[in-house]
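# Summary of the model geometry
One-letter residues, chain by chain:
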Amino acid sequence: MKKIIKKVLLGLVFLIAIYGVGRFIDVSYGSLQFVKRQPYLVSQTQTSMAIKWQTPKSEVGKVLYGLSPDTLINVLNESETSKKHFLTLGKLNECTQYYYKVISPSLIIDNNGRHFRTLCKEKQTQRLWVIGDSGKVGANQREVYAQLYKYIKNDYKELDMWLLLGDNAYPSGTQKQFNKKLFKPFKELVKRYTPWAVAGNHDARRWAFYDIFDFPTNAEAGGVASLHEEFYSVEDANLHLIVLDSETISRAKDGDMAEWLRRDLRANKKPWVIVAFHTPPYSDGGHKSDSYWDSRGRLMDMRETFVPIFDEFGVDLVLSGHSHGYERSKLIINHLGKSDTFTQNNILQDRKTNYIKSAIKKKNSGTIYQVCGSSAKLDGATYNHPALPYSLEEMGSLIIELTPTTLTSKFLNINGKIADEFTITKTIRKK
Ligand SMILES: [Fe+2]
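A brief structural summary. For clarity, every value in this text was computed on a predicted model and none was experimentally measured.

Secondary structure assignment for the chain yields seven helices and 22 strands. The C-alpha atoms of the chain give 22 Å as radius of gyration, which agrees with the globular expectation for 431 residues (22 Å, within 12%). Dimensions of the chain, computed from C-alpha atoms along their principal axes, come out at roughly 80 × 65 × 40 Å. When burial is assessed residue by residue, the chain has 45% of its 431 residues classed as buried.

Shown next as structure tokens:
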């Protein structure tokens, strides 16, 4: 009998070892596999923009750029041959539109409509497009994108920033999947915008995410230096955007991310603060924020560690994905427990839209939480969280429009209808 048990145990250990080795090979291959890739933008700042691309042959490429499509008078050559290309255009003017073209001998490059603008110190109006859980190709992803295109009247200059709330390339975020699920369907966007992509749990299954994207670690795009690519801030005109990683890094109250967030929010001088991360602190739209087990407790972690910080600094808007639907709160504060502990006391302004906040940064001035994880997938769910009264089992994306005193967020559904909308106005009047 003992011999049989021993044999079974040895067999099990052998199977686990085979699985482990197989998994390691699969993860490494999916993460490191070389793929061709058209040029795309990363690391936007007020004075620079970086361009990356990947070619079948090792070679020297170059970028031509200038202030109009007909005057690409500046040329930047690479200094070494490589298949993985990276060039930073520096000494640019802030808040300025540039046009560019990439030349690389072994790759036929689509140079149509390549332009970008540098980050602005000031700008009267700005518009963001936000998609969540968008990494599944097909009619839904295409139609959600088509509705943005209609909304901006087929003119990309009407859009200032593109934010992705994670799960950007299902199912595992491999190099190949990123090409198929993000770079190909959104090829016109990656030419013109830095994809400010949040890491989702599906992106975290491989090591490709932080190889593909480059995020500011040293306050290059504004804010306080984070020294981590997983969390950082970007300042553009009226907006202080903070990106957190709810998946791969410590969510502890005394962790690097929480400590940095306090420092960054304390130093902020911009009128609007939006915080984006994948796993929502409140949700009943597929994932349940009441459950200790859902997503290994990440929903609860994000709520218990970070909501007190959002309250302390009066963060205006928190954006997440992960649940494949749409959910939205009123202006709320101080809710750290399960949904049955949410009461009227947590609601600061009990209305559907037209919230008012003081322009003076204040503790407990309220935050709106929005989940938009239905930009390519939709899950049937109960959508019954009391903190999220405006919830819809609909596909779509968010259009966020900012001025120095107003923030408007619209849920643009797959049929082109604004299915939910609110505005926060900041006044100098002390409330
Ligand atoms: Fe997810």
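Read on, since the account is not over.
Here Asp-211 is to be found in helix α5 (residues 209-212). As a C-alpha pair, Asp-211 and Glu-59 span 152 residues in sequence and 20 Å in three-dimensional space.

This part is about the sheet that holds strand β8 (residues 126-131). Across the sheet, seven strands lie side by side as β10-β9-β8-β20-β21-β22-β18; this open sheet has mixed pairing. Sheet topology places β10 (195-197) and β18 (355-358) at the edges, where each strand pairs with a single neighbour. Across the sheet, the axes of successive neighbouring strands diverge by a mean angle of 20°, strand direction being ignored. Pairing of strand β20 (residues 396-402) with strand β21 (residues 406-413), which is carried by seven bridges, proceeds in the antiparallel orientation. Each residue of the ladder has a partner; that of Ser-397, found in β21, is Leu-412. Contacting β8, β20 and β21, helix α2 (residues 139-151) crosses the sheet at an angle of about 30° to β20.

This paragraph deals with helix α7 (residues 298-313). In a regular helix each residue adds 1.5 Å, so 16 residues correspond to 22 Å; α7 covers 22 Å between its end C-alpha atoms and thus fits that length. All of the buried residues in α7 are Arg-298, Leu-299, Met-300, Met-302, Arg-303, Thr-305, Phe-306, Val-307, Phe-310 and Phe-313. Residues of α7 that are buried in the fold lie against α6 (256-267), β13 (272-276) and β14 (317-320). Remark: Gly-314 follows α7 within two positions and exhibits a positive phi of approximately 60°.

Reading the values: the criteria
- Per chain, residue numbering runs from 1 following the sequence as it is written.
- Restriction of local features to residues with pLDDT of at least 70 applies here, the model being predicted, together with a cutoff of 80 or more for giving and counting side-chain atom pairs; totals for whole chains, interfaces and linings are based on all residues.
- Labels follow the DSSP assignment, with helices taken as runs of H or I lasting at least four residues and strands as runs of E lasting at least two, numbered in each case from the N terminus.
- Our radius of gyration is a C-alpha quantity, and the globule rule it is checked against amounts to 2.2 Å times the number of residues to the power 0.38.
- Any residue whose C-beta has 12 or fewer other C-beta atoms within 10 Å is treated as exposed, any with 20 or more as buried, and any in between as partly exposed, C-beta atoms being built from the backbone.
- In this scheme, strands are said to pair when DSSP sees at least two bridges between them.
- All axes are obtained by fitting lines to C-alpha atoms, using only the stretch in contact for helices, and the reported angles, taken between N-to-C directions, cover 0 to 180 degrees.
- Whether two residues are in contact is decided by their C-beta atoms, placed from the backbone, lying within 7 Å.
- Multiplying one less than the number of residues by 1.5 Å gives the expected span of a helix.

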